[in-house]
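Residue strings, one per chain:
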Amino acid sequence: MRRPAAPFHEHAVREEVERLCREHGLAFRRDRFGNVLVRLHTARVRPLVLAAHMDHPGFEIVRRRGAACRVRFQGGVGDSWFRPGLPLRLMPSGARAALGPRVGKDKTFELIPRQPVDSADAFAVWEMEDFSVRNGRIHGRACDDLIGVAAILATLIELKRKRARVNVIGVLSRAEEIGFRGALAVADSGALPRTSLVISLETSRELPGVRMDSGVILRVGDRALVFDPKAGRFLSEVALDLQRRNRSFQFQRALMSGGTCEGTVYQEFGFQTAAVCVALGNYHNCAPRNRIAPEFVSVKDACGMVDLLVHAARCMPKYERMTSALPARLRRLLRNARRRLLTSAT
Ligand SMILES: [Zn+2]
(Lines give C-alpha, C1' and ligand atoms only; values in the text may rest on other atoms or scores of the structure.)
Protein backbone atom coordinates (compact mmCIF):
# COMPACT_ATOMS: atom_id res chain seq x y z
CA MET A 1 0.00 0.00 0.00
CA ARG A 2 3.04 2.25 0.17
CA ARG A 3 3.34 1.85 -3.62
CA PRO A 4 0.70 4.13 -5.20
CA ALA A 5 -1.00 3.00 -8.41
CA ALA A 6 -3.66 4.18 -10.85
CA PRO A 7 -5.36 2.40 -13.78
CA PHE A 8 -2.62 1.49 -16.33
CA HIS A 9 0.05 2.61 -13.80
CA GLU A 10 0.32 -0.48 -11.58
CA HIS A 11 4.05 -1.05 -12.09
CA ALA A 12 5.19 -0.32 -8.53
CA VAL A 13 2.52 -2.57 -6.99
CA ARG A 14 3.40 -5.29 -9.48
CA GLU A 15 7.08 -5.02 -8.55
CA GLU A 16 6.11 -5.58 -4.91
CA VAL A 17 3.88 -8.56 -5.85
CA GLU A 18 6.71 -10.17 -7.80
CA ARG A 19 9.21 -9.47 -5.03
CA LEU A 20 6.93 -11.28 -2.53
CA CYS A 21 6.56 -14.21 -4.96
CA ARG A 22 10.35 -14.51 -5.28
CA GLU A 23 10.81 -14.22 -1.53
CA HIS A 24 8.39 -17.12 -0.94
CA GLY A 25 9.36 -19.27 -3.91
CA LEU A 26 6.02 -18.91 -5.70
CA ALA A 27 6.09 -19.45 -9.48
CA PHE A 28 4.75 -16.42 -11.36
CA ARG A 29 4.67 -14.94 -14.81
CA ARG A 30 3.47 -11.80 -16.51
CA ASP A 31 1.08 -12.20 -19.41
CA ARG A 32 1.59 -9.97 -22.44
CA PHE A 33 -0.96 -7.46 -21.08
CA GLY A 34 1.09 -6.97 -17.93
CA ASN A 35 -1.17 -8.92 -15.54
CA VAL A 36 0.58 -11.26 -13.08
CA LEU A 37 -0.36 -14.95 -12.80
CA VAL A 38 0.95 -16.83 -9.75
CA ARG A 39 0.64 -20.61 -9.63
CA LEU A 40 0.87 -23.18 -6.87
CA HIS A 41 0.33 -26.59 -8.46
CA THR A 42 1.15 -29.53 -6.20
CA ALA A 43 -1.72 -31.91 -7.00
CA ARG A 44 -3.94 -32.98 -9.89
CA VAL A 45 -7.06 -31.18 -8.73
CA ARG A 46 -9.53 -28.90 -10.45
CA PRO A 47 -7.92 -25.41 -10.61
CA LEU A 48 -9.05 -22.73 -8.18
CA VAL A 49 -8.48 -19.21 -9.56
CA LEU A 50 -8.27 -16.28 -7.14
CA ALA A 51 -8.65 -12.87 -8.81
CA ALA A 52 -7.95 -9.34 -7.53
CA HIS A 53 -6.80 -6.07 -9.12
CA MET A 54 -3.68 -3.97 -8.53
CA ASP A 55 -4.98 -0.51 -9.56
CA HIS A 56 -6.98 2.11 -7.68
CA PRO A 57 -8.78 5.24 -8.91
CA GLY A 58 -6.26 8.00 -9.67
CA PHE A 59 -5.22 10.73 -12.09
CA GLU A 60 -3.44 10.27 -15.39
CA ILE A 61 -1.26 13.17 -16.62
CA VAL A 62 -2.81 13.90 -20.01
CA ARG A 63 -1.20 17.14 -21.19
CA ARG A 64 2.09 18.82 -20.51
CA ARG A 65 3.11 22.27 -21.74
CA GLY A 66 6.28 23.35 -19.97
CA ALA A 67 5.35 23.54 -16.30
CA ALA A 68 1.61 23.42 -17.02
CA CYS A 69 -0.07 20.02 -16.75
CA ARG A 70 -3.55 18.62 -16.98
CA VAL A 71 -4.71 15.49 -15.22
CA ARG A 72 -7.72 13.27 -15.92
CA PHE A 73 -9.31 11.21 -13.19
CA GLN A 74 -9.74 7.49 -13.94
CA GLY A 75 -12.24 5.67 -11.73
CA GLY A 76 -15.57 6.02 -9.96
CA VAL A 77 -15.70 9.14 -7.78
CA GLY A 78 -18.63 11.59 -7.80
CA ASP A 79 -18.19 15.19 -9.05
CA SER A 80 -18.73 16.78 -5.64
CA TRP A 81 -15.48 15.30 -4.24
CA PHE A 82 -13.17 17.17 -6.64
CA ARG A 83 -12.52 20.44 -4.82
CA PRO A 84 -9.77 22.75 -6.13
CA GLY A 85 -6.74 22.87 -3.85
CA LEU A 86 -6.85 19.23 -2.76
CA PRO A 87 -3.29 17.92 -2.34
CA LEU A 88 -1.93 15.46 -4.90
CA ARG A 89 1.27 13.42 -5.18
CA LEU A 90 2.88 13.06 -8.60
CA MET A 91 4.25 9.64 -9.44
CA PRO A 92 6.83 8.25 -9.62
CA SER A 93 8.77 11.35 -8.45
CA GLY A 94 6.62 11.92 -5.34
CA ALA A 95 6.49 15.68 -6.05
CA ARG A 96 3.68 17.63 -4.37
CA ALA A 97 0.93 19.33 -6.37
CA ALA A 98 -2.67 20.47 -5.95
CA LEU A 99 -5.88 19.98 -7.90
CA GLY A 100 -6.67 22.99 -10.07
CA PRO A 101 -9.91 24.08 -11.72
CA ARG A 102 -11.89 21.69 -13.86
CA VAL A 103 -11.55 21.94 -17.64
CA GLY A 104 -14.15 20.26 -19.80
CA LYS A 105 -16.61 17.57 -18.77
CA ASP A 106 -14.61 14.35 -18.49
CA LYS A 107 -13.02 14.92 -15.06
CA THR A 108 -10.00 16.75 -16.51
CA PHE A 109 -8.36 19.34 -14.27
CA GLU A 110 -5.51 21.83 -14.32
CA LEU A 111 -2.64 20.73 -12.09
CA ILE A 112 -1.03 23.26 -9.75
CA PRO A 113 2.56 22.10 -9.12
CA ARG A 114 4.02 22.79 -5.66
CA GLN A 115 7.34 21.23 -6.65
CA PRO A 116 8.95 20.81 -10.09
CA VAL A 117 7.18 18.21 -12.26
CA ASP A 118 9.59 15.47 -13.34
CA SER A 119 9.53 14.51 -17.03
CA ALA A 120 9.02 10.88 -15.94
CA ASP A 121 5.86 11.69 -13.94
CA ALA A 122 2.94 9.88 -15.51
CA PHE A 123 0.15 9.84 -12.94
CA ALA A 124 -1.00 11.39 -9.67
CA VAL A 125 -2.78 10.16 -6.55
CA TRP A 126 -4.47 11.85 -3.58
CA GLU A 127 -1.81 12.94 -1.09
CA MET A 128 -2.61 11.09 2.13
CA GLU A 129 -1.47 8.33 4.46
CA ASP A 130 -0.33 5.31 2.41
CA PHE A 131 -0.79 2.70 5.10
CA SER A 132 -1.29 2.33 8.83
CA VAL A 133 -2.83 -0.13 11.28
CA ARG A 134 -4.74 1.26 14.27
CA ASN A 135 -7.39 -0.30 16.52
CA GLY A 136 -7.80 -3.39 14.39
CA ARG A 137 -8.27 -1.43 11.16
CA ILE A 138 -6.03 -1.06 8.10
CA HIS A 139 -6.15 2.53 6.81
CA GLY A 140 -4.74 3.74 3.51
CA ARG A 141 -5.33 5.14 0.05
CA ALA A 142 -5.90 1.84 -1.71
CA CYS A 143 -7.49 -0.93 0.39
CA ASP A 144 -9.47 -1.43 -2.86
CA ASP A 145 -8.11 -3.81 -4.01
CA LEU A 146 -4.67 -4.26 -2.45
CA ILE A 147 -6.35 -6.09 0.42
CA GLY A 148 -7.54 -8.58 -2.22
CA VAL A 149 -4.06 -8.75 -3.76
CA ALA A 150 -2.46 -9.28 -0.33
CA ALA A 151 -5.08 -11.91 0.57
CA ILE A 152 -4.24 -13.92 -2.56
CA LEU A 153 -0.50 -13.80 -1.82
CA ALA A 154 -1.09 -14.66 1.85
CA THR A 155 -3.26 -17.63 0.81
CA LEU A 156 -0.61 -18.95 -1.57
CA ILE A 157 2.21 -18.42 0.94
CA GLU A 158 0.24 -20.25 3.65
CA LEU A 159 -0.63 -23.19 1.34
CA LYS A 160 2.98 -23.47 0.26
CA ARG A 161 4.24 -23.33 3.85
CA LYS A 162 1.88 -26.15 4.84
CA ARG A 163 2.88 -28.18 1.76
CA ALA A 164 -0.81 -28.42 0.89
CA ARG A 165 -1.83 -30.52 -2.13
CA VAL A 166 -3.63 -27.91 -4.22
CA ASN A 167 -3.95 -26.33 -7.64
CA VAL A 168 -4.34 -22.56 -7.27
CA ILE A 169 -3.79 -19.74 -9.76
CA GLY A 170 -3.66 -16.15 -8.47
CA VAL A 171 -4.57 -13.52 -11.07
CA LEU A 172 -3.42 -9.99 -10.21
CA SER A 173 -4.94 -7.80 -12.87
CA ARG A 174 -4.59 -4.25 -14.19
CA ALA A 175 -6.98 -1.37 -14.87
CA GLU A 176 -10.09 -2.78 -13.17
CA GLU A 177 -11.34 0.64 -12.12
CA ILE A 178 -12.14 1.73 -15.66
CA GLY A 179 -13.90 -1.40 -16.89
CA PHE A 180 -11.99 -4.54 -15.83
CA ARG A 181 -9.49 -4.18 -18.70
CA GLY A 182 -6.93 -6.63 -17.28
CA ALA A 183 -9.51 -9.22 -16.20
CA LEU A 184 -11.18 -9.09 -19.64
CA ALA A 185 -7.84 -9.72 -21.32
CA VAL A 186 -7.06 -12.66 -18.98
CA ALA A 187 -10.54 -14.20 -19.29
CA ASP A 188 -10.30 -14.12 -23.08
CA SER A 189 -6.64 -15.16 -23.40
CA GLY A 190 -6.96 -18.90 -22.80
CA ALA A 191 -4.46 -18.68 -19.92
CA LEU A 192 -6.97 -20.12 -17.44
CA PRO A 193 -8.26 -23.71 -17.76
CA ARG A 194 -11.96 -23.68 -18.74
CA THR A 195 -12.71 -26.01 -15.82
CA SER A 196 -11.41 -23.50 -13.25
CA LEU A 197 -13.53 -22.35 -10.34
CA VAL A 198 -12.96 -18.58 -10.18
CA ILE A 199 -13.30 -16.56 -6.97
CA SER A 200 -13.19 -12.77 -7.27
CA LEU A 201 -11.78 -10.92 -4.23
CA GLU A 202 -12.78 -7.34 -3.48
CA THR A 203 -13.29 -4.75 -0.84
CA SER A 204 -16.85 -3.53 -1.10
CA ARG A 205 -18.73 -0.48 0.13
CA GLU A 206 -20.41 -1.29 3.47
CA LEU A 207 -24.14 -1.79 2.86
CA PRO A 208 -27.05 -2.45 5.23
CA GLY A 209 -27.08 -6.15 6.08
CA VAL A 210 -23.33 -6.54 6.47
CA ARG A 211 -21.11 -5.18 9.21
CA MET A 212 -17.42 -4.41 9.35
CA ASP A 213 -15.59 -6.68 11.87
CA SER A 214 -18.29 -9.37 11.46
CA GLY A 215 -16.24 -11.46 9.05
CA VAL A 216 -15.55 -12.10 5.39
CA ILE A 217 -18.56 -11.66 3.10
CA LEU A 218 -19.65 -14.45 0.74
CA ARG A 219 -20.83 -12.33 -2.15
CA VAL A 220 -24.02 -13.68 -3.69
CA GLY A 221 -23.82 -11.17 -6.52
CA ASP A 222 -22.80 -7.66 -7.50
CA ARG A 223 -24.53 -4.75 -9.21
CA ALA A 224 -24.64 -6.62 -12.54
CA LEU A 225 -25.54 -10.23 -11.74
CA VAL A 226 -25.75 -13.13 -9.29
CA PHE A 227 -22.85 -15.56 -9.25
CA ASP A 228 -22.99 -19.31 -9.73
CA PRO A 229 -25.30 -20.87 -7.07
CA LYS A 230 -23.34 -24.12 -6.83
CA ALA A 231 -20.02 -22.30 -6.46
CA GLY A 232 -21.64 -20.11 -3.80
CA ARG A 233 -22.92 -23.19 -2.00
CA PHE A 234 -19.41 -24.64 -2.05
CA LEU A 235 -18.04 -21.52 -0.35
CA SER A 236 -20.87 -21.63 2.24
CA GLU A 237 -20.04 -25.27 3.02
CA VAL A 238 -16.33 -24.40 3.27
CA ALA A 239 -17.15 -21.54 5.66
CA LEU A 240 -19.44 -23.73 7.81
CA ASP A 241 -16.79 -26.45 7.98
CA LEU A 242 -14.19 -23.89 9.02
CA GLN A 243 -16.54 -22.60 11.70
CA ARG A 244 -16.95 -26.12 13.11
CA ARG A 245 -13.15 -26.35 13.47
CA ASN A 246 -12.66 -22.79 14.70
CA ARG A 247 -15.50 -21.16 16.63
CA SER A 248 -14.03 -17.67 16.28
CA PHE A 249 -14.25 -17.75 12.45
CA GLN A 250 -17.10 -15.51 11.30
CA PHE A 251 -18.66 -14.97 7.90
CA GLN A 252 -21.59 -13.14 6.34
CA ARG A 253 -23.53 -13.68 3.15
CA ALA A 254 -24.92 -10.82 1.06
CA LEU A 255 -25.71 -9.38 -2.32
CA MET A 256 -23.17 -6.54 -2.54
CA SER A 257 -24.81 -4.41 -5.21
CA GLY A 258 -22.71 -1.27 -4.65
CA GLY A 259 -20.42 -2.01 -7.58
CA THR A 260 -19.58 -4.51 -10.30
CA CYS A 261 -16.58 -6.77 -9.67
CA GLU A 262 -14.31 -8.92 -11.82
CA GLY A 263 -16.52 -11.90 -10.98
CA THR A 264 -19.00 -10.60 -13.55
CA VAL A 265 -16.32 -10.70 -16.25
CA TYR A 266 -15.25 -14.29 -15.48
CA GLN A 267 -18.82 -15.53 -15.19
CA GLU A 268 -19.85 -13.87 -18.47
CA PHE A 269 -16.80 -15.40 -20.17
CA GLY A 270 -17.99 -18.85 -19.19
CA PHE A 271 -16.12 -19.63 -15.96
CA GLN A 272 -17.98 -20.99 -12.94
CA THR A 273 -17.61 -18.04 -10.58
CA ALA A 274 -18.09 -17.08 -6.95
CA ALA A 275 -16.99 -13.96 -5.07
CA VAL A 276 -15.91 -12.84 -1.63
CA CYS A 277 -15.20 -9.42 -0.17
CA VAL A 278 -14.59 -7.50 3.02
CA ALA A 279 -16.56 -4.42 4.06
CA LEU A 280 -14.83 -1.17 3.06
CA GLY A 281 -15.08 2.25 4.71
CA ASN A 282 -14.60 5.49 2.71
CA TYR A 283 -15.09 3.60 -0.61
CA HIS A 284 -12.82 5.12 -3.30
CA ASN A 285 -11.53 7.62 -0.71
CA CYS A 286 -14.96 9.28 -0.51
CA ALA A 287 -15.61 10.19 3.13
CA PRO A 288 -18.72 11.91 4.51
CA ARG A 289 -19.20 15.63 3.75
CA ASN A 290 -17.31 15.31 0.44
CA ARG A 291 -13.96 14.82 2.14
CA ILE A 292 -11.17 12.82 0.46
CA ALA A 293 -9.77 10.39 3.06
CA PRO A 294 -8.04 7.01 3.45
CA GLU A 295 -10.12 3.87 2.95
CA PHE A 296 -10.26 1.35 5.79
CA VAL A 297 -11.03 -2.32 6.41
CA SER A 298 -11.00 -4.61 9.44
CA VAL A 299 -7.82 -6.68 9.97
CA LYS A 300 -9.98 -9.49 11.36
CA ASP A 301 -12.20 -9.56 8.22
CA ALA A 302 -9.15 -9.56 5.93
CA CYS A 303 -7.49 -12.44 7.85
CA GLY A 304 -10.82 -14.32 7.79
CA MET A 305 -10.85 -13.98 4.00
CA VAL A 306 -7.41 -15.65 3.86
CA ASP A 307 -8.52 -18.47 6.22
CA LEU A 308 -11.56 -19.10 4.02
CA LEU A 309 -9.54 -19.24 0.80
CA VAL A 310 -6.86 -21.50 2.28
CA HIS A 311 -9.58 -23.92 3.35
CA ALA A 312 -11.41 -23.61 0.01
CA ALA A 313 -8.23 -24.57 -1.87
CA ARG A 314 -7.81 -27.65 0.30
CA CYS A 315 -11.49 -28.62 -0.10
CA MET A 316 -11.42 -28.54 -3.93
CA PRO A 317 -11.12 -32.37 -4.22
CA LYS A 318 -14.35 -32.59 -2.18
CA TYR A 319 -16.21 -30.01 -4.32
CA GLU A 320 -18.84 -32.46 -5.63
CA ARG A 321 -19.44 -34.11 -2.29
CA MET A 322 -19.75 -30.78 -0.45
CA THR A 323 -22.12 -29.23 -2.97
CA SER A 324 -24.37 -32.30 -2.98
CA ALA A 325 -24.89 -32.21 0.79
CA LEU A 326 -27.89 -29.88 0.53
CA PRO A 327 -29.81 -31.85 -2.15
CA ALA A 328 -29.14 -35.05 -0.18
CA ARG A 329 -30.56 -33.39 2.95
CA LEU A 330 -33.68 -32.30 1.01
CA ARG A 331 -34.16 -35.86 -0.32
CA ARG A 332 -34.09 -37.23 3.23
CA LEU A 333 -36.57 -34.56 4.34
CA LEU A 334 -38.85 -35.42 1.43
CA ARG A 335 -39.01 -39.12 2.41
CA ASN A 336 -39.92 -38.14 5.92
CA ALA A 337 -42.39 -35.48 4.77
CA ARG A 338 -44.28 -37.86 2.47
CA ARG A 339 -44.72 -40.42 5.22
CA ARG A 340 -46.02 -37.88 7.71
CA LEU A 341 -48.17 -35.98 5.20
CA LEU A 342 -49.75 -39.17 3.85
CA THR A 343 -50.71 -40.51 7.24
CA SER A 344 -52.31 -37.18 8.16
CA ALA A 345 -53.77 -36.24 4.76
CA THR A 346 -57.42 -37.06 5.41
ZN1 LIG B 1 -12.80 0.12 -6.90
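Think of each chain on its own: its residues are numbered from 1, step by step along the sequence as written. Per-residue local features of the predicted model are confined to residues with pLDDT of at least 70, and side-chain atom pairs are confined, for both listing and counting, to 80 or more; whole-chain, interface and lining totals are unaffected and use all residues. Each side-chain value is derived from all of the structure's non-hydrogen atoms; neither hydrogens nor water enter the calculation.

**Notes on the domain arrangement of the protein chain**
Put simply, the rule reads: Here the bounds of each domain stem from an automatic or database domain assignment. Only heavy atoms matter for contacts: two residues are in contact if any of them lie within 4.5 Å across the pair. Buried area is understood as the total, over both parts, of accessible area removed when two parts are fitted together, assessed with a 1.4 Å probe. Any Lys or Arg side-chain nitrogen located within 4 Å of an Asp or Glu carboxyl oxygen qualifies as a salt bridge. By the convention adopted, Pro, Cys, Tyr, Trp, Phe, Met, Ile, Leu, Val and Ala count as nonpolar, Lys, Arg, Asp and Glu as charged, and the other residues, Gly among them, as polar.
What the domain assignment reports for the protein chain is domain 1 (11-56 + 130-323) and domain 2 (58-126). Each of domain 1 and domain 2 has a C-alpha centre, and the two are 30 Å apart. Opposite the 12 residues of domain 1 that make contact, domain 2 presents 12 residues. When domain 1 packs against domain 2, close to 1,100 Å² is buried across both sides, 54% of that on carbon and sulfur atoms. Summed over the three residues of domain 1 that lose the most area to domain 2, namely Arg-141, Asn-290 and Ile-292, the buried surface amounts to 51% of that side. At the boundary of domain 1 with domain 2, the tally comes to 1 salt bridge. For the salt bridge of Asp-130 with Arg-89, the shortest nitrogen-to-oxygen distance reads 3.3 Å. Of the residues contributing to the side of domain 1 that touches domain 2, the split by class is 4 nonpolar, 4 polar and 4 charged.

**Structural notes on the coordination of the zinc ion**
What counts is decided by this rule: A 2.8 Å cut-off from the metal defines N, O and S donors, relaxed to 3.2 Å for Na, K and Ca; water is not in the atom list, so some sites may appear incomplete. Here a site with four donors is tetrahedral if all angles are between 85 and 135 degrees, and a site with four or six donors is square planar or octahedral if opposite donors are over 155 degrees apart and the other angles are between 65 and 115; anything else gets the irregular label. Secondary structure elements are defined from DSSP: runs of H or I of at least 4 residues count as helices, runs of E of at least 2 residues count as strands, and each element is numbered from the N terminus. Relative accessibility thresholds used throughout: buried, under 20% of the residue-type maximum; exposed, over 50%; partly exposed, between the two (1.4 Å probe, protein chains only).
For the zinc ion, the full set of protein donor atoms is Asp-144 (OD), Glu-177 (OE), Glu-177 (OE) and His-284 (NE2), at a range of 2.0 to 2.6 Å. Given 4 donor atoms and angles of 54 to 140° at the metal, the environment of the zinc ion is assigned as irregular. Linear spacing of the donor residues for the zinc ion on their chain is D-x32-E-x106-H. Placement of the pair is Glu-177 in the loop between β12 (167-173) and α3 (181-189) and His-284 in the loop between β16 (272-280) and β17 (286-287), with a sequence separation of 107 residues. Side by side, Glu-177 and His-284 carry an identical accessibility label, which is buried.

**Looking at the sheet that holds strand β19 (residues 295-298)**
Selection rule: Only strands joined by at least two bridges in the DSSP assignment are considered to pair. The convention used is that axes are lines fitted to C-alpha atoms, helices contributing only their stretch in contact, and that angles between N-to-C directions extend from 0 to 180 degrees.
In spatial order, the strands read β10-β11-β19; together these 3 strands make up an open sheet with antiparallel pairing. Lying at the two open borders of the sheet, with one neighbouring strand each, are β10 (131-134) and β19. Between one strand and the next, the sheet's axes are offset by a mean angle of 20°, whatever the strand orientation. Bridge count between β10 and strand β11 (residues 137-140): 4 bridges; the pairing is antiparallel. Looking across to β11, one finds that Ser-132 is bridged to His-139. Against the sheet, helix α2 (residues 143-161) touches β11 and β19, its axis set at about 35° to β19.

**Notes on the packing of aromatic side chains**
Going by this rule: Here a Phe, Tyr or Trp ring, Trp counted by its six-membered ring, pairs with any other such ring whose centre lies within 6.5 Å, and the pair is stacked when the planes are under 30 degrees apart, edge-to-face when over 60, and tilted otherwise. In this analysis the charged atom, NZ for Lys or CZ for Arg, is taken to sit over a ring once it is within 6 Å of the ring centre and within 35 degrees of the ring normal.
One pass over the structure, following the stated rule, counts 11 aromatic pairs. Centre to centre, the rings of Phe-59 and Trp-126 are 5.0 Å apart; their planes meet at 85°, and the pair counts as edge-to-face. Placement of the pair is Phe-59 in strand β4 (residues 58-65) and Trp-126 in strand β9 (residues 123-126), with a sequence separation of 67 residues. Since its relative accessible area comes to 0%, Phe-59 is described here as buried. Owing to a relative accessible area of 2%, Trp-126 belongs among the buried residues under this scheme. When the ring of Tyr-266 is compared with that of Phe-271, the centres are 6.2 Å apart and the planes differ by 75°; the resulting orientation is edge-to-face. By way of ring pairs, the aromatic residues Phe-59, Phe-73, Phe-82, Phe-109 and Trp-126 are connected into one cluster. The lysine or arginine in question, Arg-46, covers the ring of Tyr-319, its NZ or CZ lying 4.9 Å from the ring centre.

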